[in-house]
Amino acid sequence: MRRFAFIVTLLALAPTAGCSGGTPEQAPSSPAPSAVTGPAADASDALAGLAALALDRRYAALYTWDVGDNQPRNVIAMVANDGSWRVDIPRGAQGGTTDVSIVRTAAGVHQCSLGVTSTCVLVADKGEKVPGRYDPRVQRLFRQWLPAFTDRHEALAVSAVQPLAGAQGSCFSVDSVAAGLDAPVDVGIYCYAPDGLLTAARVNFGVLKLVKQVAAPATVQLPGPVISGTPLGMDAPPPPVVQPSSAGLPG
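Computed from a prediction, not measured in an experiment: that's the story for all the values here.

A. Structural context of the overall build of the protein chain. The secondary structure content of the protein chain amounts to three helices and twelve strands. Considering the protein chain as a whole, with its 251 residues, one finds that 45% of them fall into the buried category. Taking contacts inside the protein chain between residues at least 6 apart in sequence as the whole, the part at least 24 apart equals 59%.

B. Quick look at the nonpolar core. In this structure, Y63, L141, F142, F149, Y190, Y192 and L208 are the most contacted members of the largest nonpolar core, which totals 46 residues. Tallying contributions element by element places helix 2 (residues 40-56) first for this core, with five residues. Setting aside chain neighbours within four positions, we find F142 in contact with Y59, Y63, A77, V87, L198 and L208. Judged by nonpolar contacts, the second largest core, of ten residues, contains A60, L62, M78 and V103.

C. The state of the cysteines, seen in detail. Going through the model one piece at a time under the given rule, you end up with two disulfides. Between C112 and C120 runs a disulfide, and the two sulfur atoms are separated by 2.1 Å. Between C112 and C120, the S-S dihedral sits near 110 degrees, and the bridge is therefore right-handed. Its relative accessible area of 0% is what places C112 among the buried residues. Note on cysteine connectivity: C171 is disulfide-linked to C191, with sulfurs 2.0 Å apart. The chirality of the disulfide connecting C171 with C191 is right-handed, given an S-S dihedral of about 110 degrees. In this pair, C171 is assigned in strand 9 (residues 170-176) and C191 in strand 10 (residues 188-192), connecting sequence segments 20 residues apart. Accessibility expressed as a relative area gives 0% for C171, which makes it buried. Counting only the cysteines that form disulfides, in the order they appear in the protein chain, gives the pairing 1-2, 3-4.

D. Here's a closer look at the layout of surface pockets. Looking at the largest pocket, its volume works out to about 360 Å³. What lines the largest pocket is a set of 16 residues, among which W85, V109, E128, R143 and Q144 lie closest to the centre.

E. Here's a closer look at the confidence of the model for the protein chain. Per-residue pLDDT for the protein chain averages 84, and the proportion of residues at 70 or more is 78%. Confidence drops under a pLDDT of 50 for residues 15-38, and excluding neighbours within four residues, the segment shows 58 contacts in the predicted structure.

F. Representation of the pairing of strand 5 (residues 98-105). Extensive coverage of strand 5 is indicated by the burial of seven of its eight residues. Inspection of the sheet shows strand 4 (residues 85-93) paired to strand 5 by six bridges, in the antiparallel sense. Paired with D88 across the strands is S101, a residue of strand 5. Between the antiparallel neighbours strand 4 and strand 5 lie four residues, among them Q94 with a positive phi of about 50 degrees. Relative to strand 6 (residues 108-113), strand 5 runs antiparallel, the two sharing six bridges. Looking at the pairing, V100 lines up with S113 of strand 6. In sequence, strand 5 turns back onto strand 6 through a hairpin of two residues.

G. Local environment of the pairing of strand 10. Summarising burial for strand 10: five of the five residues are buried, a large majority. Residues G188, Y190 and Y192 of strand 10 are buried on one face, and the alternating residues I189 and C191, pointing to the opposite face, are buried as well. In the sheet, strand 10 pairs with strand 11 (residues 198-203) via four bridges, with the strands oriented antiparallel. Across the sheet, Y192 pairs through a bridge with L198, a residue of strand 11. In this antiparallel pair of consecutive strands, strand 10 and strand 11, the connection spans five residues, and G196 shows a positive phi of 95 degrees.

H. Quick look at the packing of aromatic side chains. This model, assessed by the stated rule, comprises four aromatic pairs. Both rings, one in W145 and one in Y190, keep their centres 6.3 Å apart while their planes meet at 85 degrees; by these two values the pair is edge-to-face. Taken as a pair, W145 in the loop between strand 7 (120-124) and helix 3 (146-150) and Y190 in strand 10 lie far apart in primary sequence, 45 residues in all. Look at W145 and you get buried, because its relative accessible area is 2%. Looking at Y190, the relative accessible area reads 1%, which means it is buried. Three or more aromatic residues joined by ring pairs form one cluster here, namely W145, F149, Y190 and F205. Over the ring of W65 we find R73; its NZ or CZ atom is 4.9 Å from the centre of that ring.

Analysis parameters
Residues numbered from 1 in each chain as written. Predicted model: local features only at pLDDT ≥ 70, side-chain atom pairs only at ≥ 80, totals over all residues. Heavy atoms only, no water. Helix = DSSP H or I, 4+ residues; strand = E, 2+ residues; numbered from the N terminus. Buried < 20%, exposed > 50% of the residue type's maximum accessible area, 1.4 Å probe, protein only. Contact = heavy atoms within 4.5 Å. Core = buried A, V, L, I, M, F, W, Y, C linked by side-chain atoms within 4.5 Å. Disulfide = S-S within 2.5 Å. 1 Å grid on protein atoms, 1.4 Å probe; cavity = no way out; pocket = protein on both sides within 12 Å on 5 of 7 lines; lining within 4 Å. Points joined across faces, edges and corners; volume = space filled by probe spheres on them. pLDDT = per-residue confidence, 0-100. Pairing = 2+ DSSP bridges. Phe/Tyr/Trp six-rings, centres within 6.5 Å; stacked < 30°, edge-to-face > 60°. Lys NZ or Arg CZ within 6 Å of the ring centre and 35° of its normal.

In structure tokens, the structure reads:
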């Protein structure tokens with residue numbers, strides 16, 4: 001947890017600059033007007049273009065994540081210059097009791113506990129998805145769903161909408177048009193800056209909003225050693241079994 005707080009502090013104190021390429025930019029305090037107008041086809045094209053930019057975007061960013069419990073959390077997303085990436089998700093595992101990080105390196109995708117003693121477990125080989133029982137899902141916003149937005153053959157209905165409060169850039173409502181099939185992305189509203197940076201999202205696991213972004217690191221680091229143990233599940237762990245005391249019982 002101390003490591004996570006340290007990274008948050010670094011992002012909060014880092015200087016910001018104008019918006020160009022990988023240079024830092026400050027999230028605006030008021031919503032900017034949407035630049036997307038026109039029919040649904042135009043909205044799909046616009047989202048596809050921004051998602052393509054997002055796939056090439058390199059950055060480190062601090063977001064707030066509101067799950068509706070009046071306790072906003074700080075999410076950190078980093079996409080490094082070498083293509084590795086990491087998303088730190090507070091209270092993202094074990095029923096909201098454990099901080100967790102999803103990290104993609106050349107070896108594959110790891111799930112890491114974040115705490116005084118952090119450890120990591122390989123949960124998916126390169127190119128594979130994190131199994132649902134170990135998946136906090138928040139990291140999907142930054143990498144996994146972008147190819148679906150760029151693929152015009154995906155069964156998605158896209159329309160331009162007014163920006164979410166405090167969101168920069170253009171926002172899109174995304175829905176699935178394939179009944180009975182697994183949706184390629186979660187239904188929701190996704191907002192992007194003109195350079196492809198995700199500035200906000202409202203999906204079924206909460207609302208994410210950009211606070212600040214800074215320059216990308218050269219690479220991302222695993223927060224702890226890789227072990228061969230079992231990854232953290234998403235459900236709360238069962239309560240400990242209390243053994244009855246033998247005191248006072250007849251021998």
